[in-house]
Amino acid sequence: MNPYLDLSEEVNDALRVSMPIVALESTIITHGMPWPQNLETALEVENAVREEGAIPATIAIIGGRLKVGLSHDELRRLADGSLHPIKASRRDLPMLVAQHGNGATTVSGTILIAERAGIRLFATGGIGGVHRGAEKTWDVSADLEELAHSNVAVVCAGAKAILDVPKTMEYLETKGVPVIGFGASELPAFYTPQSDIKLSQHADTPQEIALLLYAKWALGLSGGVVIANPIPAQYAMERSVIDAAIEKAIGESEVKGLKGAELTPYLLARVAEITGGDSLEANIALVKNNAHVAARIAKEYERTRLEAET
Ligand code: PSU
Ligand code: MN
């Protein structure tokens, strides 16, 4: 085991007896949602995983330790800002470890650490991707490169339109990352269940996905898989409303000249403000839904793996 990793007792026990585990990120708590909904959501998402009979493992860096599975107190201190965590992707890990710093892990930071802990399933809201205007800014999320390397499958609600979604899909294809629609033939657009982007692969059951994951890694094809799970219809937003909010937020970010790691958190917060909190409500609902699905897949994956290996 990596000497910088700190597994919680519960996660350690679960790994020992091959219980299904679902990794969860912490940037969504610290830079993706406001206090106190961020803490409430973090706890509800962990609960969603437990309800399915799997173990949640929220990941963050505290005092330079790579924590897999957080205590209630650690979650609260991340959520209320008292730990002052930076948004941590792959590039930030060496400094945080060397200087005993605190970091909230993005999708990239989380799946990198999950892989080192031996966790194969991860749930979040949305992944980072190729930003609009990337041909000028070169702003491409480290999430995409990490998905190309780390052997972890991500359940998300597709990609939101703060990104250039077609370019994001091209990037994933180039890197050999399968994008599977879960009960969907189109890529979900985060706040809405559909986009106009057809997917070449889809699956209707957790078992189908588990078999695909097993096959991928048994073939020696390293890297991740994106499982695109549409927001449940009752929580979906009106497309014209959310599109207008996103356009407005992007316009403002350009006027302010925002770039780098601060851009995504700014856009998420502004879209929530502009929609009067509706986008936050949708965001919370879809993350919980993703946690349920990831836990069901994790259970099937463990079953598949044990069957194949005994
Ligand atoms: N997209 C969302 N919600 C989020 C994020 C992305 O809908 O909270 C967060 C995730 O942690 C993701 C990160 O890994 O933003 C991507 O940031 P960047 O674009 O700076 O790579
Ligand atoms: Mn970026």
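Computed from a predicted structure; not experimentally measured. (Residues numbered from 1 in each chain as written. Chains lettered and ligands numbered in written order. Predicted model: local features only at pLDDT ≥ 70, side-chain atom pairs only at ≥ 80, totals over all residues. Heavy atoms only, no water.)

A. Representation of the overall build of the protein. From N to C terminus, the protein includes 13 helices and 11 strands. Taking the principal axes of its C-alpha atoms as reference, the protein extends roughly 55 × 45 × 35 Å. The contacts of the protein with a sequence gap of at least 6 include a subset with a gap of at least 24, amounting to 73%. Of the accessible surface of the protein, which amounts to about 13400 Å², a share of 52% is contributed by carbon and sulfur atoms. Counting 28 positive and 40 negative side-chain charges, the protein places the averaged centre of each group 4 Å from the other. (Helix = DSSP H or I, 4+ residues; strand = E, 2+ residues; numbered from the N terminus. Contact = heavy atoms within 4.5 Å. Areas by Shrake-Rupley, 256 points an atom, 1.4 Å probe, with all protein chains shown as cover. Lys, Arg positive; Asp, Glu negative; His and termini not counted. Charge placed at Lys NZ, Arg CZ, Asp CG, Glu CD.)

B. Representation of the pattern of salt bridges. Counted by the stated rule, this structure contains 24 salt bridges. Residues Asp-6 and Lys-67 are paired through a salt bridge, measuring 3.6 Å at the closest nitrogen-oxygen approach. Placement of the pair is Asp-6 in strand β1 (residues 5-7) and Lys-67 in strand β4 (residues 65-68), with a sequence separation of 61 residues. Across the pair Glu-186 and Lys-198 runs a salt bridge, and its minimum N-O distance is 3.3 Å. (Salt bridge = Lys/Arg side-chain N within 4 Å of Asp/Glu carboxyl O.)

C. Expanded view of unusual backbone geometry. Across the junction of Trp-35 and Pro-36, the peptide omega takes the value 0 degrees, indicating a cis bond. Note on placement: Pro-36 falls in the loop between α2 (27-30) and α3 (37-51). The backbone of Ser-18 shows a phi angle near 55 degrees, a positive value even though the residue is not glycine. Considering the arrangement of structural elements, one finds Ser-18 in the loop between α1 (9-16) and β2 (21-24). The partly exposed category is assigned to Ser-18, whose relative accessible area is 24%. Positive phi is not limited to glycine here, since Trp-138 has a value of about 60 degrees. (Buried < 20%, exposed > 50% of the residue type's maximum accessible area, 1.4 Å probe, protein only.)

D. Expanded view of the nonpolar core. Counting residues in each nonpolar core, the largest one holds 102 residues, and the members touching the most others are Val-68, Ile-113, Ile-127 and Leu-213. For this core, the element with the most residues is helix α13 (residues 278-309), which contributes 12 residues. Residue contacts for Val-68: discarding those within four places in its chain leaves Leu-5, Asp-6, Leu-7, Ser-8, Val-11, Ala-57, Thr-58, Ile-59, Ile-113, Ala-117 and Ile-119. (Core = buried A, V, L, I, M, F, W, Y, C linked by side-chain atoms within 4.5 Å.)

E. Structural context of the packing of aromatic side chains. Per the stated rule, a full pass over the model turns up 3 aromatic pairs. Consider the rings of Phe-190 and Tyr-191, whose centres lie 4.8 Å apart with planes at 85 degrees: the pair is edge-to-face. Each member of the pair Phe-190 and Tyr-191 is classed as buried. Taken together, the ring pairs connect Tyr-214, Trp-217 and Tyr-301 into an aromatic cluster. The cationic tip of Arg-120 hangs over the ring face of Trp-217; the distance from NZ or CZ to the ring centre is 4.5 Å. (Phe/Tyr/Trp six-rings, centres within 6.5 Å; stacked < 30°, edge-to-face > 60°. Lys NZ or Arg CZ within 6 Å of the ring centre and 35° of its normal.)

F. The site of ligand 1, seen in detail. Near ligand 1 there are 14 residues, and of these Glu-25, Ser-141, Asp-143, Lys-160 and Thr-264 occur at the shortest range. One of the side-chain N or O atoms of Lys-87 is found 2.7 Å from an oxygen atom in ligand 1. Relative to its unbound accessible surface of 470 Å², ligand 1 loses 93% to contact with the protein. For the shell around ligand 1, the secondary-structure elements that each account for two or more residues are α2 and α12 (263-274). Tallied by class, the residues present in the shell around ligand 1 amount to 4 nonpolar, 6 polar and 4 charged. (Near = heavy atom within 4 Å. Polar contact = N/O pair within 3.5 Å; in protein donor to acceptor, adjacent residues only side chain to side chain. Nonpolar A, V, L, I, M, F, W, Y, C, P; charged D, E, K, R; others polar.)

G. Examining the side chain of Arg-270 more closely. Note on placement: Arg-270 falls in helix α12. Each residue touching Arg-270, except ones within four places of it in the same chain, is listed here: Lys-248, Ala-249 and Glu-252.

H. Focus on the side chain of Glu-25. Residue position: Glu-25 is located in the loop between β2 and α2. Here Glu-25 is buried and forms no salt bridge, its nearest opposite-charge partner Lys-87 lying at an N-O distance of 8.6 Å. Within the local environment of Glu-25, its side chain forms a polar contact with the backbone nitrogen of Ile-28, the two atoms lying 3.2 Å apart. Side-chain polar atoms of Glu-25 contact the side chain of Thr-124, separated by 2.4 Å. Not counting chain neighbours up to four residues away, the residues in contact with Glu-25 comprise Thr-58, Ile-59, Thr-105, Thr-106, Val-107, Thr-110, Phe-122, Ala-123 and Thr-124.

I. Broad picture of the environment of Met-1. If you trace the backbone, Met-1 turns up in the segment before β1. Residue Met-1 is classed as exposed on the basis of its relative accessible area of 68%. When the C-alpha positions of Met-1 and Gly-118 are compared, they lie 9.4 Å apart, and in sequence the two are 117 residues distant. Those residues within four positions of Met-1 in sequence are excluded, and the remaining contacts are Leu-7, Arg-116 and Ala-117.

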